[in-house]
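Listed here are the chains, written in short residue letters.
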Amino acid sequence: MGWLIGRAEAVSNPQAAKQKALAKLRHCAELDDPESLVVPILVDALLLVESLRGARHQITFVPELMQSVDALLRELTIIEKTHEWVEP
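Read on for an overview of the structure. (Residues numbered from 1 in each chain as written. Predicted model: local features only at pLDDT ≥ 70, side-chain atom pairs only at ≥ 80, totals over all residues. Heavy atoms only, no water.)

**Regarding the pattern of salt bridges**
Per the stated rule, a full pass over the model turns up three salt bridges. Between K20 and E9 there is a salt bridge, and its shortest N-O distance comes to 3.0 Å. Separated by 11 residues along the polypeptide, K20 in helix α2 (residues 14-25) and E9 in helix α1 (residues 7-12) bring together distant segments of the chain. Since its relative accessible area comes to 35%, K20 is described here as partly exposed. In this structure, E84 engages K81 in a salt bridge whose closest nitrogen and oxygen atoms are separated by 3.7 Å. Of this pair, E84 and K81 both sit in helix α4 (residues 62-86), three residues apart, which is roughly one turn of that helix. Its relative accessible area of 48% is what places E84 among the partly exposed residues. (Salt bridge = Lys/Arg side-chain N within 4 Å of Asp/Glu carboxyl O. Helix = DSSP H or I, 4+ residues; strand = E, 2+ residues; numbered from the N terminus. Buried < 20%, exposed > 50% of the residue type's maximum accessible area, 1.4 Å probe, protein only.)

**Description of a nonpolar patch on the surface**
The grouping of V39, V43 and L47 at the surface amounts to a nonpolar patch, some 240 Å² of accessible area in total. Looking at the secondary structure, you find V39 in helix α3 (residues 34-52). (Patch = residues over 30% accessible without salt bridge, like charges linked within 9 Å, V, L, I, M, F, W, Y side chains within 5 Å. Areas by Shrake-Rupley, 256 points an atom, 1.4 Å probe, with all protein chains shown as cover.)

Right, dumping it as structure tokens:
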């Protein structure tokens, strides 16, 4: 699943990467239960930031964070594709 933001762009042009992320997230209101997908990601992101602060060890929950982000992106992609099919 590509959503057009790669690591290179996130590092080299964070503002453009943020704009792409915001464009993708505009469809959150159309999800069946947005809070069930978004809130856990926000909690994971907060924990990730705090864990990385000065850490020199492997962060163990990064795979779970990736899975929750991927689940949200899958749902948003479905909504975007539905809009594309409906609009001429």
